[in-house]
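A structural walkthrough
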Amino acid sequence: IPSNRYKTAEFLPHKFETKLILQKVQNPHIYMTPEVMLQIRLFIEYAGTDEISWLGTVVKEGNNFIIDNVWLVDQEVHGSETEMTHQGLFDFRKRIRELENGFDLLNRMTFWGHYHPHNSTNPSGQDEIQLKELAEAGFAYFIRGIFTKNGKAEFTMWVQESKCTICDVPWSPINEF
């Protein structure tokens, strides 16, 4: 804070080139069990020409993230968007809590997947809003998957600690889990 007591030095701004340097980050890899892949295929067939969403549980092993279960949630669906309602999410969490291992499942519920019937894995504005809302639930990470009928799948991961989004995370099926 300049005052009469201190004489300010003359500094001139320059052309700023801000950079983000991540220290030796190991890239994540997402895996899906065969059961999850089959369930997602059934969700897509069921949806027809409407978008549809589901939530899933993830097991983290190092930098590997294994999606091991998925469930449909009450939602509003249309041809161009899907929105899980607050009431739908509340009812879903209540149903899961009642299961024998419900609290463990809820603590691992860090995956949101949905289907784009127009065969593009590009996220919509609503997709970005939904990911932000889900990621802000206090998890260390959250994964979004966008799937198409013709077999495309693309994953985005939000990492809370570094406040960064990792786009197009590599994925593959896992045979044994």
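Rules and cut-offs
- Residues numbered from 1 in each chain as written.
- Predicted model: local features only at pLDDT ≥ 70, side-chain atom pairs only at ≥ 80, totals over all residues.
- Heavy atoms only, no water.
- Patch = residues over 30% accessible without salt bridge, like charges linked within 9 Å, V, L, I, M, F, W, Y side chains within 5 Å.
- Areas by Shrake-Rupley, 256 points an atom, 1.4 Å probe, with all protein chains shown as cover.
- Salt bridge = Lys/Arg side-chain N within 4 Å of Asp/Glu carboxyl O.
- Lys, Arg positive; Asp, Glu negative; His and termini not counted.
- Charge placed at Lys NZ, Arg CZ, Asp CG, Glu CD.
- Helix = DSSP H or I, 4+ residues; strand = E, 2+ residues; numbered from the N terminus.
- Phe/Tyr/Trp six-rings, centres within 6.5 Å; stacked < 30°, edge-to-face > 60°.
- Buried < 20%, exposed > 50% of the residue type's maximum accessible area, 1.4 Å probe, protein only.
- Pairing = 2+ DSSP bridges.
- Axes fitted to C-alpha atoms, helices over the stretch in contact; angles between N-to-C directions.
- Contact = heavy atoms within 4.5 Å.
- Core = buried A, V, L, I, M, F, W, Y, C linked by side-chain atoms within 4.5 Å.

Details of a negative patch on the surface
Among the surface-exposed residues, Glu76, Glu81, Glu83 and Glu133 lie close enough to one another that they form a single negatively charged patch. Along the polypeptide, glutamate 133 turns up in helix H4 (residues 125-135).

A closer look at the packing of aromatic side chains
Per the counting criterion, the structure on display carries eight aromatic pairs. Between phenylalanine 139 and phenylalanine 142, the aromatic rings sit 5.9 Å apart at their centres with planes inclined by 45°, giving tilted as the arrangement. With a centroid separation of 5.7 Å and 90° between ring planes, the pair formed by phenylalanine 147 and phenylalanine 155 is classed as edge-to-face. Given the relative accessible area of 6%, phenylalanine 147 is considered buried. For phenylalanine 155, a relative accessible area of 0% gives the class buried. Ring pairs connect the aromatic residues Phe43, Trp54, Phe111, Phe147, Phe155 and Trp171, which therefore count as one cluster.

Quick word on the sheet that holds strand S8 (residues 153-159)
Here eight strands make up an open sheet; going across it, the order is S9-S8-S7-S6-S2-S3-S1-S10 and the pairing mixed. Where the open sheet ends on each side, the last strands, each with one partner, are strand S9 (164-167) and strand S10 (171-173). Here the strands of the sheet are splayed against their neighbours by 25° on average, with no regard to which way each runs. Pairing analysis gives seven bridges linking strand S7 (residues 141-147) to S8, with the strands arranged antiparallel. Across the sheet, the residue bridging to phenylalanine 142 is tryptophan 158, located in S8. In the packing of helix H1 (residues 34-47) onto the sheet, the strands contacted are strand S1 (29-32), strand S2 (52-61), strand S3 (64-72), strand S6 (111-115), S7 and S10, and the crossing angle to S3 comes to about 40°.

Points about the nonpolar core
Grouped together as the largest cluster of nonpolar side chains are 24 residues, with contacts concentrated most on Trp54, Ile67, Phe111, Ile143, Phe147 and Phe155. The set of elements that each furnish at least two residues to this core consists of S1, H1, S2, S3, S6, S7 and S8. At five residues, H1 tops the list of elements feeding residues into this core. If we skip the residues at most four places from it in the chain, phenylalanine 147 touches Met32, Ile40, Ile44, Trp54, Phe111, Gly113, His114, Tyr115, His116, Lys152, Ala153 and Phe155. Within the second largest apolar cluster, 16 residues are counted, among which are Leu89, Phe92, Ile96 and Ala135.

What to know about the pattern of salt bridges
For the structure shown, the criterion picks out four salt bridges. Put simply, aspartate 104 and arginine 108 hold a salt bridge, and the shortest N to O gap is 3.3 Å. Here glutamate 136 makes a salt bridge to lysine 132, at a shortest N to O gap of 2.8 Å. Overlapping salt bridges bring together Asp68, Asp104 and Arg108 as one network.

Geometry only, nothing functional implied.
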